[in-house]
Amino acid sequence: AKGAEIAGKVCAACHGPDGNSPLSANPNLAGQHAEYLFKQLSDFKSNGRSNPVMAGMAGPLSEDDMKNVATHYASQKSQPRKARDESLVRQGELIYRGGLVSKNVAACASCHSPNGAGLPAQFPRVGAQHAEYTAAQLKAFRAGDRKNDPNSMMRTVAAKLSDREIAAVSEFIA
């Protein structure tokens, strides 16, 4: 209840009251693992993940506030999305499920699960995420602008992907 209250006052404008963001540039939080959400909020608060808007939002939150918000959004139901560019979905599915052997890129499904649900406390849920948001995050990992991933795994993977491959994976994930 405390998490829902905070989310309604602080987070809903960008992420929606139930975590299904109305804005494709902002992530859907509904159904995301609470541990992952808490880590991201903590990283924004400490500037371990750089985003001036989110640093300002997370800054005043206590550890309990962040846990409550994370638990609230984790308990919400994610709404399915639709790809913006259907012509890329098949290529994205092949990369997501099978990787890119020629570039030594493992299948996304090996960490984020075949249905995109991820693995709690290890790998985030990516299924039903906005394609625009996913592509932006992959490009940030590739550029080294996003550095809060354990063992730089996502930076290593994203560095091997072209813009078209990123777009394709993002469309499939959506």
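Rules used in this analysis
- Each chain carries its own residue numbering, running from 1 in the direction its sequence is written.
- Under the rules for a predicted model, residues below a pLDDT of 70 receive no local features and side-chain atom pairs below 80 are neither given nor counted, while totals for whole chains, interfaces and linings still include all residues.
- Only hydrogens and water are removed before side-chain values are computed, so all heavy atoms of the structure are retained for them.
- Secondary structure elements are defined from DSSP: runs of H or I of at least 4 residues count as helices, runs of E of at least 2 residues count as strands, and each element is numbered from the N terminus.
- Each radius of gyration reported is based on C-alpha atoms, and the globular scaling rule is 2.2 Å times the count of residues to the power 0.38.
- When accessible area is computed with a 1.4 Å probe and restricted to protein chains, residues below 20% of their type maximum are described as buried, those above 50% as exposed, and intermediate ones as partly exposed.
- Contact criterion: two residues are considered in contact whenever any of their non-hydrogen atoms come within 4.5 Å of each other.
- Areas reported here follow the Shrake-Rupley algorithm with a probe of radius 1.4 Å; residue values treat only the protein chains shown as occluding.
- By the counting rule applied here, Lys and Arg register as positive and Asp and Glu as negative, while His and the ends of each chain are not counted.
- By convention, the point assigned to a charge is CZ for Arg, NZ for Lys, CD for Glu and CG for Asp.
- Grid points spaced at 1 Å and placed over the protein atoms alone form the basis of the search, with a cavity being a set where a 1.4 Å probe fits but cannot get out and a pocket an open set showing protein on both sides within 12 Å along at least five of seven lines. Lining residues have an atom within 4 Å of a point.
- Grid points are joined across faces, edges and corners, and a volume is the space filled by probe spheres set on the points.
- Gly is placed with the polar residues, together with every amino acid not listed as nonpolar (Ala, Val, Leu, Ile, Met, Phe, Trp, Tyr, Cys and Pro) or charged (Asp, Glu, Lys and Arg).
- Any Lys or Arg side-chain nitrogen found within 4 Å of a carboxyl oxygen on Asp or Glu counts as a salt bridge.
- Simply put, an axis is a line fit to the C-alpha atoms, just over the touching stretch for a helix, and the angle between two N-to-C directions goes from 0 to 180 degrees.
- Note that the term roughly parallel is reserved for angles under 35 degrees, roughly antiparallel for angles over 145, roughly perpendicular for angles of 65 to 115, and oblique for everything else.
- Crossing handedness is defined as follows: a turn of the near helix away from the far one that is anticlockwise and smaller than a right angle gives a left-handed crossing, while the clockwise case is right-handed.

*Asks:* Any chance you could explain the overall build of the protein chain here in plain terms?
*Replies:* On a plain count of helices and strands, the protein chain comes out with nine helices and zero strands. Mapped in sequence order, the helices and strands of the protein chain form the string α-α-α-α-α-α-α-α-α. Rg of the C-alpha trace for the protein chain: 16 Å, near the compact-globule value of 16 Å for 174 residues, within the 12% margin. By principal-axis analysis of the C-alpha atoms, the protein chain measures approximately 45 × 30 × 25 Å. Within the span of the protein chain, comprising 174 residues, buried residues form 44% of the whole. In the protein chain, the proportion of contacts linking residues at least 24 apart, taken out of those at least 6 apart, comes to 65%. Total accessible area computed for the protein chain in this model is approximately 8,900 Å², and 57% of it derives from carbon and sulfur atoms. Seen as two clouds, the 21 positive and the 16 negative side-chain charges of the protein chain have centres 3 Å apart.

*Asks:* Quick question: what am I supposed to make of empty space enclosed by the protein here?
*Replies:* It is the rolling of a water-molecule-sized probe over the atoms that shows where space remains empty. As enumerated under the stated definition, the model contains one cavity of 30 Å³ or more in all. In this structure, the largest cavity spans a volume of roughly 40 Å³. As for the largest cavity, its lining consists of Asn28, Ala30, Gln32, Ser78, Arg125, Gly127, Ala128 and Gln129. Considering only residue class, the lining of the largest cavity consists of two nonpolar, five polar and one charged.

*Asks:* I would appreciate a short explanation of the pattern of salt bridges in the present structure.
*Replies:* Side-chain pairs of opposite charge can arise whenever the charged atoms involved come near each other. The tally for this structure, following the rule as stated, stands at 10 salt bridges. With a closest N to O distance of 2.5 Å, Asp43 and Lys39 form a salt bridge. Highlighted residues: Asp43 and Lys39, both in helix α2 (residues 34-46), separated by four residues, approximately one helical turn. The class for Asp43 is buried, based on a relative accessible area of 13%. On the basis of relative accessible area, Lys39 is assigned to the partly exposed category, the value being 31%. With a shortest N-O distance of 3.4 Å, Glu171 and Arg84 are connected by a salt bridge. With Glu171 in helix α9 (residues 163-173) and Arg84 in the loop between α4 (63-74) and α5 (89-98), this pair connects stretches of sequence that are 87 residues apart. Taken together, the shared-partner salt bridges in this structure form one network comprising Arg90, Glu93 and Arg97.

*Asks:* I would appreciate a short explanation of the packing of helix α7 (residues 131-143) against α9 in the present structure.
*Replies:* Two packed helices can be described by the angle between their axes and the distance between those axes. Contact geometry for α7 and α9: axes closest at 8 Å, N-to-C directions at 140°. Regarding the angle of α7 to α9, the classification is oblique. Of the two elements, α7 crosses α9, and the hand of that crossing is right-handed. Contacts from Ala131, Thr134, Ala135, Leu138, Lys139 and Arg142 in α7 reach Asp163, Ile166, Ser170, Glu171 and Ile173 in α9. Looking at the contact of α7 with α9 residue by residue, the classes come out as five nonpolar, two polar and four charged.

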